[in-house]
Amino acid sequence: MQNNQSRLTALDALRGIAALGVVLFHYLPYYHELYGHSFDSPSFLEFGRYGVHLFFMLSGFVIFMTLERTQTAGWFGLARAFRLLPALWAGIALTFLSVHWLGPEDRAVEPVSALLNMTLLHEYLEHPHVDGAYWSLVIEATFYVWIALLFYGLKSWQRLRPVLWLWTVISYIGVLWWKAIPDALDFLVKDLLFVRYAPLFISGMLLFRWYKYGKPPAADIALLTLTIGHCLIAYKAPFNVFVLGCYGVFILATAGRLNVLSHPGLLWLGSISYTLYLIHQNIGYGLITLFYQWGIPGPVGVALALGAIISLAALLHYGVEKPALSAFRRYRQYRTRTPVFSPRA
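## Some words on the overall build of the protein chain
Step number 1: Counting its secondary structure elements, the protein chain contains 13 helices and 0 strands.
Step number 2: Each helix and strand of the protein chain, ordered N terminal to C terminal, gives the series α-α-α-α-α-α-α-α-α-α-α-α-α.
Step number 3: Here the C-alpha radius of gyration of the protein chain, 21 Å, is about what a compact globule of 345 residues would show, namely 20 Å.
Step number 4: For the protein chain, the spread of C-alpha atoms along the three principal axes comes to 70 × 55 × 50 Å.
Step number 5: Counting only contacts in the protein chain whose residues sit at least 6 apart along the sequence, the fraction spanning at least 24 positions is 75%.
Step number 6: With 25 positive and 17 negative side-chain charges, the protein chain shows a spacing of 18 Å between the two charge centroids.

## Observations regarding unusual backbone geometry
Step number 1: The omega torsion across Gly103 and Pro104 is 0°, close enough to zero to call that bond cis.
Step number 2: Counting through the fold element by element, Pro104 comes out in the loop between helix H3 (73-102) and helix H4 (111-117).
Step number 3: Between Ala237 and the following residue, Pro238, the backbone shows a cis peptide bond with an omega angle of 5°.
Step number 4: Here Pro238 shows up in the loop between helix H9 (218-234) and helix H10 (239-254).
Step number 5: The residue Lys155 is not glycine, and still its phi comes out positive at about 70°.
Step number 6: Tracing the chain through its elements places Lys155 in the loop between helix H5 (135-154) and helix H6 (157-176).

## Some points on H5
Step number 1: Counted at 1.5 Å a residue, the expected span for H5 with its 20 residues is 28 Å, and the 29 Å between its end C-alpha atoms agrees.
Step number 2: Just downstream of H5 lies Lys155, where phi reads positive at about 70°.

## So, the packing of aromatic side chains
Between two aromatic rings, the relevant description is the distance of the centres plus the angle of the planes.
Step number 1: The final tally for this structure, using the stated rule, is 34 aromatic pairs.
Step number 2: Ring plane angle 45° and centroid distance 5.4 Å describe the contact between Trp135 and Tyr197, whose orientation is recorded as tilted. Of this pair, Trp135 sits in helix H5 while Tyr197 sits in the loop between helix H7 (183-192) and helix H8 (198-213); the two residues are 62 residues apart in sequence, bridging distant segments of the chain.
Step number 3: Looking at Trp135, the relative accessible area reads 26%, which means it is partly exposed.
Step number 4: Take Tyr197: its relative accessible area is 17%, and that puts it in the buried class.
Step number 5: Just above the ring of Tyr144 sits the side chain of Arg80; from NZ or CZ to the centre is 5.4 Å.
Step number 6: Note that Arg196 overlies the ring of Trp178, its terminal NZ or CZ placed 3.9 Å from the centroid.

## Quick look at the pattern of salt bridges
Step number 1: Counted by the stated rule, this structure contains 7 salt bridges.
Step number 2: The partner of Glu321 in a salt bridge is Arg83, and the shortest N-O contact between them spans 2.5 Å. Placement of Glu321 in helix H13 (residues 298-337) and of Arg83 in helix H3 is noted, with a sequence separation of 238 residues between them.
Step number 3: By relative accessible area, Glu321 is classed as buried at 3%.
Step number 4: For Arg83, a relative accessible area of 24% corresponds to the partly exposed category.

## Topic: the confidence of the model for the protein chain
Step number 1: With 96% of its residues at a pLDDT of 70 or more, the protein chain has an overall mean of 93.
Step number 2: For residues 339-345, every residue scores under 50 in pLDDT, and the model assigns this stretch 0 contacts once sequence neighbours within four places are set aside.

## Focus: the packing of helix H2 (residues 51-68) against H10
Step number 1: In contact at an axis separation of 10 Å, H2 and H10 are set at 35° when each is read in the N-to-C sense. Crossing of H2 over H10 shows right-handed handedness. Touching His53, Leu54, Met57, Leu58 and Phe61 of H2 are Val243, Cys246, Tyr247, Phe250 and Thr254, all from H10.
Step number 2: Tallied by class, the residues present in the contact of H2 with H10 amount to 8 nonpolar, 2 polar and no charged.

## Some remarks on H3
Step number 1: Between its first and last C-alpha atoms H3 spans 42 Å; for 30 residues at 1.5 Å apiece the expected length is 44 Å, and the two agree.
Step number 2: The sharpest bend along H3 measures roughly 30° and falls at Ala81.
Step number 3: Directly beyond the C-terminal end of H3, a positive phi value near 90° is found at Gly103.

## Concerning a nonpolar patch on the surface
Step number 1: A contiguous nonpolar surface patch, about 620 Å² in accessible area, is contributed by Val169, Ile173, Leu176, Trp177, Leu232, Ile233 and Leu244.
Step number 2: Those elements that place two or more of their residues in the nonpolar patch are H6 and H9.
Step number 3: With 3 residues, H6 is the largest single contributor of residues to the nonpolar patch.
Step number 4: Examined against the element boundaries, Val169 turns out to sit in helix H6.

## Details of a positive patch on the surface
Step number 1: There is a patch of like positive charges on the surface, built from Arg69, Lys322, Arg329 and Arg332.
Step number 2: Tracing the backbone through its elements, the reader meets Arg329 in helix H13.

Parameters and conventions
- Residues numbered from 1 in each chain as written.
- Predicted model: local features only at pLDDT ≥ 70, side-chain atom pairs only at ≥ 80, totals over all residues.
- Heavy atoms only, no water.
- Helix = DSSP H or I, 4+ residues; strand = E, 2+ residues; numbered from the N terminus.
- Rg over C-alpha atoms; globule rule 2.2 N^0.38 Å.
- Contact = heavy atoms within 4.5 Å.
- Lys, Arg positive; Asp, Glu negative; His and termini not counted.
- Charge placed at Lys NZ, Arg CZ, Asp CG, Glu CD.
- Expected span 1.5 Å × (residues − 1).
- Phe/Tyr/Trp six-rings, centres within 6.5 Å; stacked < 30°, edge-to-face > 60°.
- Buried < 20%, exposed > 50% of the residue type's maximum accessible area, 1.4 Å probe, protein only.
- Lys NZ or Arg CZ within 6 Å of the ring centre and 35° of its normal.
- Salt bridge = Lys/Arg side-chain N within 4 Å of Asp/Glu carboxyl O.
- pLDDT = per-residue confidence, 0-100.
- Axes fitted to C-alpha atoms, helices over the stretch in contact; angles between N-to-C directions.
- Left-handed = near helix turned anticlockwise from the far one by under 90°.
- Nonpolar A, V, L, I, M, F, W, Y, C, P; charged D, E, K, R; others polar.
- Bend = angle between axes of the 7 residues up to and from the residue.
- Patch = residues over 30% accessible without salt bridge, like charges linked within 9 Å, V, L, I, M, F, W, Y side chains within 5 Å.
- Areas by Shrake-Rupley, 256 points an atom, 1.4 Å probe, with all protein chains shown as cover.

If you want it as structure tokens, here you go:
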């Protein structure tokens with residue numbers, strides 16, 4: 001059990017590393033591309049944009065673990081809502097106000113768009129993101145809906161496996177013939193089935209089953225191989241090789257080979273990774289630009305923005321995210337332990 005717990009904490013550390021990689025990508029090479037830095041940043045930070053792909057693998061792993069210990073789709077939906085929405089709503093409010101105060105002006109959205117962001121349906125309704133990083137949250141939420149429908153509807157892995165095979169095959173076809181997808185199928189294939197990213201989630205689910213139940217049957221190994229191989233055609237080189245490397249790191253962690261990552265600092269970073277992801281991009285851009293206006297050297301301004309955003313993420317984590325999760329656990333405990341009395345009794 002202790003070894004298993006160490007493996008899971010190593011995954012928490014990976015979440016923190018992935019979040020930091022995304023932040024550094026946005027603050028250094030991507031900010032330079034959008035607005036211009038006064039200095040050059042290391043080219044390897046370009047790979048940070050693919051930290052999101054590691055998040056998707058982790059989501060597949062963790063969500064399937066959550067599904068297996070949650071009895072109904074209703075409780076699963078409530079658990080996901082309490083996990084995502086309170087911190088998201090706070091992050092939207094902070095980002096909306098910050099962008100209208102500090103800029104950048106090209107990142108500002110109308111109030112109606114900000115309100116729709118709170119539902120995570122805004123992209124489907126053709127409204128812009130309050131923060132550019134929210135594109136992945138739309139995919140996450142869509143994945144939750146699909147996997148809950150499939151898991152609770154099919155009720156067994158034997159029935160779910162063929163659907164995952166079909167989804168993976170469609171994902172291959174979708175990325176290979178991306179520009180040839182008929183208009184009538186474009187929204188279904190690219191958005192609702194998110195064929196560029198679905199195999200990342202599916203591979204995470206398969207790795208969870210391997211982690212929990214031991215060596216999987218040949219059909220699952222074949223599907224895992226297919227989902228991992230998808231990255232080689234879905235993304236351009238050398239980023240596809242980087243995503244393949246993320247798979248290697250992920251597998252080593254679940255196998256207990258990266259327990260050295262379970263360092264208190266990395267685990268803490270992993271604990272605030274969601275709130276850090278929510279608020280880092282546009283607020284950070286505004287701060288970096290402000291520091292330039294104040295005459296602060298670029299590298300120092302980036303470091304100050306990073307420190308400020310990590311502090312703000314910690315405040316959101318301890319002030320909003322954790323209390324919301326605690327409230328849900330208390331509610332669930334109350335509801336599951338309270339007897340239901342018949343009015344005729």
